[in-house]
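Observations on the three-dimensional arrangement
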Amino acid sequence: MSAATTRSRTARTPVPDRLCAEAVDLARAAAEEAAAPGVVGEHVALVSEGDRVVTHYFESKEPGYRGWRWAVTVARASRAKNVTLDETVLLPGSDALLAPEWVPWSERLRPGDMGPGDLLPTEAEDPRLEPGWTGEDEPLPNSVVSQEMTELADAEDAELTTLPGTSRGSITSVAEELGARRARVLSRYGLGIAADRWDEEFGARTPMAQAAPASCVSCAFLVPIAGSLRQAFGVCANEFAPADGRVVSLSYGCGGHSEAAVMPKPPKPAPHALDTMRVDDYPLRPSDDSGSVPSQPDGSTEDLGHS
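These figures come from a predicted structure and were not determined experimentally.

**Overview of the sheet that holds strand E7 (residues 222-224)**
The strand order across the open sheet built from 3 strands is E7-E8-E9, with neighbouring strands paired in antiparallel fashion. Of all the strands in the sheet, the pair left with one neighbour each is E7 and strand E9 (247-249). Recorded for the sheet is a direction-independent mean angle of 50° between the axes of neighbouring strands. With 3 bridges connecting them, E7 and strand E8 (residues 233-236) associate as antiparallel partners. Each bridged residue has a counterpart across the sheet, and for Leu222 the counterpart in E8 is Cys236.

**Quick word on the environment of Ala31**
Mapped onto the secondary structure, Ala31 falls in helix H3 (residues 24-34). Along the primary structure Ala31 and Leu90 are separated by 59 residues, whereas in three dimensions their C-alpha atoms are 8.9 Å apart. Ala31 has contacts with Val40, Trp70, Val72 and Thr88, leaving out every residue within four places of it along the chain.

**Let's talk about the packing of aromatic side chains**
Enumeration according to the criterion identifies 3 aromatic pairs in this entry. Between Tyr65 and Trp68 the ring centres are 5.3 Å apart and the planes differ by 85°, which places this aromatic pair in the edge-to-face class. Accessibility expressed as a relative area gives 34% for Tyr65, which makes it partly exposed. Where Phe202 meets Tyr252, the ring centres are 5.5 Å apart and the plane angle is 85°; that geometry is what we call edge-to-face. Pair noted here: Phe202 is in the loop between helix H7 (188-201) and helix H8 (207-210) and Tyr252 is in the loop between E9 and helix H9 (301-306), with a separation of 50 residues, a long-range link. Here Phe202 and Tyr252 have matching classes, each one buried. Cation over ring: Arg69 sits above Tyr57, and NZ or CZ is 4.2 Å from the ring centre.

**Considerations on the pairing of strand E3 (residues 68-76)**
Every regular strand shows the same layout, with side chains that alternate between the two sheet faces. When you tally the buried positions in E3, you get 8 out of 9 residues, the bulk of the element. Strand direction decides the pairing type here: strand E2 (residues 53-60) and E3, joined by 7 bridges, are antiparallel. Across the sheet, Thr55 pairs through a bridge with Thr73, a residue of E3. Looking at chain direction, E3 and strand E4 (residues 83-92) are connected through 9 bridges and run antiparallel. In the strand pairing of E4, Arg76 is matched with Val83. Counting the residues between successive antiparallel strands, the hairpin from E3 to E4 contains 6 residues, one of them, Arg79, with a positive phi of roughly 65°.

**Looking at unusual backbone geometry**
Even without a glycine there, the phi angle at Arg52 is positive, about 60°. Phi at Arg79 is positive, roughly 65°, even though this residue is not glycine. For Arg79, a relative accessible area of 85% puts it in the exposed group.

**As for the pairing of strand E1 (residues 40-50)**
Taken together, the 7 bridges between E1 and E2 define a ladder with antiparallel strand orientation. Its bridge partner lying in E2, Val47 is registered against Thr55. Between the antiparallel neighbours E1 and E2 lie 2 residues, among them Arg52 with a positive phi of about 60°.

**Here we look at the state of the cysteines**
Following the criterion strictly, the structure yields 0 disulfides and no others. Here Cys236 stays unpaired: no disulfide links it, and the sulfur of Cys254, its closest cysteine neighbor, is 5.9 Å away.

**Digging into the side chain of Ser187**
Secondary-structure assignment places Ser187 in the loop between strand E6 (184-186) and H7. Aside from chain neighbours lying at most four places away, what touches Ser187 is Pro127, Arg128, Leu129 and Glu130.

**Some thoughts on H3**
Buried within H3 are the following residues: Ala27, Ala30 and Ala31. The buried residues of H3 occupy one face: seen down the axis, they fall within an arc of 100°. Facing away from the buried side of H3 by over 90 degrees, the exposed positions are Asp25 and Glu33. Buried residues in H3 make contact with E1, E2, E3 and E4.

**What to know about the pattern of salt bridges**
Summed over the entire model, instances satisfying the criterion amount to 4 salt bridges. For the salt bridge of Arg76 with Asp17, the shortest nitrogen-to-oxygen distance reads 2.7 Å. Placement of Arg76 in strand E3 and of Asp17 in the loop between helix H1 (3-11) and helix H2 (18-21) is noted, with a sequence separation of 59 residues between them.

Conventions adopted
- Residues numbered from 1 in each chain as written.
- Predicted model: local features only at pLDDT ≥ 70, side-chain atom pairs only at ≥ 80, totals over all residues.
- Heavy atoms only, no water.
- Pairing = 2+ DSSP bridges.
- Helix = DSSP H or I, 4+ residues; strand = E, 2+ residues; numbered from the N terminus.
- Axes fitted to C-alpha atoms, helices over the stretch in contact; angles between N-to-C directions.
- Contact = heavy atoms within 4.5 Å.
- Phe/Tyr/Trp six-rings, centres within 6.5 Å; stacked < 30°, edge-to-face > 60°.
- Buried < 20%, exposed > 50% of the residue type's maximum accessible area, 1.4 Å probe, protein only.
- Lys NZ or Arg CZ within 6 Å of the ring centre and 35° of its normal.
- Disulfide = S-S within 2.5 Å.
- Arc of directions from axis to C-beta.
- Salt bridge = Lys/Arg side-chain N within 4 Å of Asp/Glu carboxyl O.

What follows is the structure, encoded as structure tokens:
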């Protein structure tokens, strides 16, 4: 017998054991005991799991488990006539209604999901952050480098020293001025993804910016920000603008630009036009010499009375 024939016979599914295949009532009773009466439906299939091991499948009528099946596995010992119960479990079928695949919270979180009291811890190796200046590497107060730097800074512009107990020429003061005196600061990657996110919502490619009369770089309502992103972004301070209080790109714009238009002046009424300054008299009854009354009447009242 060749090796290929041996492998094919080993991989072939064994024929279901007759006694195990006939133990449908035993399998149904086990499924109803695990579930509830009336929930286990019709017997739909059986599968041979091995020598003298068969799994019976029953339809599940449990609400919310459409397409699921009760699987009851029975077995029989070698040369034994009694079939025993192995396990009972509810399994999804090929058309079962399944829950979506679980996604870690760090991948499910979206902007705006955080509420009051929620905490969002950052990982130690977060690519958006990098170490800042905490002062741990500051030269000792009695070191030569620290003393020389302090004397030079105090001699040149001592009046610009703003922090009590901190010399302007020290590394700590420089880090304080640059906003880097923190345990961690934004990395180049963190700055890049923030800039892409802000530019997508309030950037030059938005429909609002395309129809704007001018960009934010020339708007009086733009408040500059500190840091390296100040060359491309600012904060809108126009309460009527759609981006009020939001970080906007300098190339963004809207109809609320401070120099967009000048409010039109209210129209002035036209001056009254007079044709003449003379007052015309219009009597209630025409005078005799006006020509409107005939000098000789056609007939007198006496003639009318005797006619």
